[in-house]
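Here is how the chains run, residue by residue.
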Amino acid sequence: MEQAEQILKSRKVPVTAVRIRLLRLLEGPGKALSRREIESALEGEADRATIYRNLRALTKNGIIHRIPMNGMPEKFKLAGSSQPKDHPHFYCAGCQRLLCLSAGLINTGKVPGGFQVQSTHLVMEGLCNQCNTKKAK
Ligand SMILES: [Zn+2]
Ligand SMILES: [Zn+2]
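Rules of the game
- Position numbers for residues start from 1 in each chain and track the written sequence from start to end.
- Working convention: letters from A go to chains and numbers from 1 go to ligands, in the order in which they are written.
- Only residues with pLDDT of at least 70 get local features here, since the model is predicted, and only at 80 or more are side-chain atom pairs given and counted; chain-wide, interface and lining totals rely on the full set of residues.
- Angular values range over 0 to 180 degrees, each being the angle between N-to-C directions of two axes fitted as lines to C-alpha atoms, with helices fitted over their stretch in contact.
- Put simply, DSSP H or I for four residues or longer makes a helix, DSSP E for two residues or longer makes a strand, and each gets a number counted from the N terminus.
- We call a crossing left-handed when the near helix sits turned anticlockwise from the far one by less than a right angle, and right-handed when that turn is clockwise.
- Once C-beta atoms are placed from the backbone, any two residues with those atoms within 7 Å are in contact.
- Classification convention: Asp, Glu, Lys, Arg as charged; Ala, Val, Leu, Ile, Met, Phe, Trp, Tyr, Cys, Pro as nonpolar; all other residues, Gly among them, as polar.
- DSSP calls a pair of strands paired once it identifies at least 2 bridges connecting them.
- To assign burial, the other C-beta atoms lying within 10 Å of each residue's own C-beta are counted, with C-beta atoms placed from the backbone; 20 or more indicates buried, 12 or fewer indicates exposed, and intermediate counts indicate partly exposed.
- Throughout, the arc means the angular range of directions from the helix axis out to the C-beta atoms.
- Here a helix's expected span is defined as the number of its residues, less one, multiplied by 1.5 Å.

1. Considering the packing of helix 1 (residues 3-10) against helix 2 (residues 17-26)
Line of reasoning, step 1. Their axes nearest at 9 Å, the elements helix 1 and helix 2 cross at an angle of 115°. Between helix 1 and helix 2 lies a crossing whose hand is right-handed. For the pair helix 1 and helix 2, the contacting residues are Ala4, Glu5, Ile7 and Leu8 in the first and Arg19, Ile20, Leu23 and Arg24 in the second.
Line of reasoning, step 2. Split into classes, the residues belonging to the contact of helix 1 with helix 2 amount to five nonpolar, no polar and three charged.

The structure is reproduced here in C-alpha cells:
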C-alpha cells in the first residue's frame, strides 16, 4: 500500500482518487503548496470546488495543515505524525521549503495570567541550515 493510501486509512478517511493525488502532491520533506499551486497541478483532473472541499476535509481530519503565511497565500502541508497540532514552522527564503519545528519552541505557559491560548500560528522566516551553509561558502 502506498503512503497516501495508508495515511487516509489510518485516519479512517475514505480513500478517493482526488485525496490520493492531493497527498502525493504534498509528499516530501518541506513540501508546502498554496491552493493556487495545487489547483494548477491538478488542472484537468479535479475542479476547484472538488479541490477546495477535499482540502477542507483533510485539514479538518488533521492530515493536512493549513499554514497562514506572512505576505503570501496560505500554504498546505502534509501533517507530520509526530507533531502536535500547534507547532511553529520555518519558511526558508532560499529553498522555499516550509519545515515543521518542535512545539517546545513556543512556550504557551508564559502568557499573562488569566489568558487562555486556543491556537498558535507561528511561522519563522529565514534561511534553513542547508541554504545558510551554501551562502557562507
Ligand atoms: Zn533552505
Ligand atoms: Zn508542521
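2. Concerning the sheet that holds strand 5 (residues 98-100)
Line of reasoning, step 1. Taken together, three strands build an open sheet; the order of strands is 5-4-6 and the sheet is mixed. Each edge of the sheet is formed by a strand with only one pairing partner; in this case those strands are strand 5 and strand 6 (123-126). In this sheet, neighbouring strand axes are inclined to one another by 25° on average, regardless of whether the strands run parallel or antiparallel.
Line of reasoning, step 2. The pairing of strand 4 (residues 89-92) with strand 5 spans three bridges and is antiparallel.

3. Notes on the pairing of strand 4
Working note: regular strand, side chains alternate between the two faces of the sheet.
Line of reasoning, step 1. Here strand 4 shows a clear split, with His89 and Tyr91 buried on one side and none of Phe90 and Cys92 buried on the other.
Line of reasoning, step 2. Once strand 4 ends, the chain turns through five residues before running back antiparallel as strand 5, passing Gln96 with a positive phi of about 60°.
Line of reasoning, step 3. Pairing analysis gives four bridges linking strand 4 to strand 6, with the strands arranged parallel. In the strand pairing of strand 6, His89 is matched with Val123.

4. Structural notes on helix 2
A turn of α-helix holds 3.6 residues, and therefore any two residues three or four places apart point the same way.
Line of reasoning, step 1. Considered for burial, the residues of helix 2 that qualify are Arg19, Leu22, Leu23 and Leu26. When helix 2 is viewed along its axis, its buried side chains cluster within an angular range of 95° and face the same direction.
Line of reasoning, step 2. Close packing links the buried residues of helix 2 with helix 1, strand 1 (32-34), helix 3 (35-41), helix 4 (48-60), strand 2 (64-69) and strand 3 (72-78).
Line of reasoning, step 3. A positive phi of about 115° marks Gly28, the residue just after helix 2.

5. Let's talk about the pairing of strand 2
Line of reasoning, step 1. Pairing of strand 2 with strand 3 involves five bridges; the strand directions are antiparallel. When the bridges of strand 3 are listed, Ile67 appears paired with Lys75.
Line of reasoning, step 2. Between the end of strand 2 and the start of strand 3, which pair antiparallel, lie two residues, with Gly71 showing a positive phi angle near 65°.

6. Looking at unusual backbone geometry
Line of reasoning, step 1. In this structure, Lys12 takes a positive phi of about 60° despite not being glycine.
Line of reasoning, step 2. Look at Lys12 and you get exposed, because 7 C-beta atoms sit within 10 Å.
Line of reasoning, step 3. The phi torsion at Gln96 lies on the positive side, around 60°, for a residue other than glycine.
Line of reasoning, step 4. According to the C-beta neighbour criterion, Gln96 is partly exposed, with 13 such atoms within 10 Å.

7. Digging into helix 4
Line of reasoning, step 1. Spanning 13 residues, helix 4 covers 18 Å between terminal C-alpha atoms, matching the ideal 18 Å at 1.5 Å per step.
Line of reasoning, step 2. Of all the positions in helix 4, only Ile51, Asn54 and Leu58 are classed as buried. End-on view of helix 4: buried residues confined to an arc of 75°, all on one side of the axis. Relative to its buried face, helix 4 has exposed residues pointing more than 90 degrees away, namely Ala49, Arg56 and Lys60.
Line of reasoning, step 3. In the core, the buried residues of helix 4 are packed alongside helix 2, helix 3 and strand 2.
Line of reasoning, step 4. Trailing helix 4 by a residue or two, Gly62 shows a phi angle of about 80°, which is positive.

Function-wise, these values are silent; they only describe arrangement.
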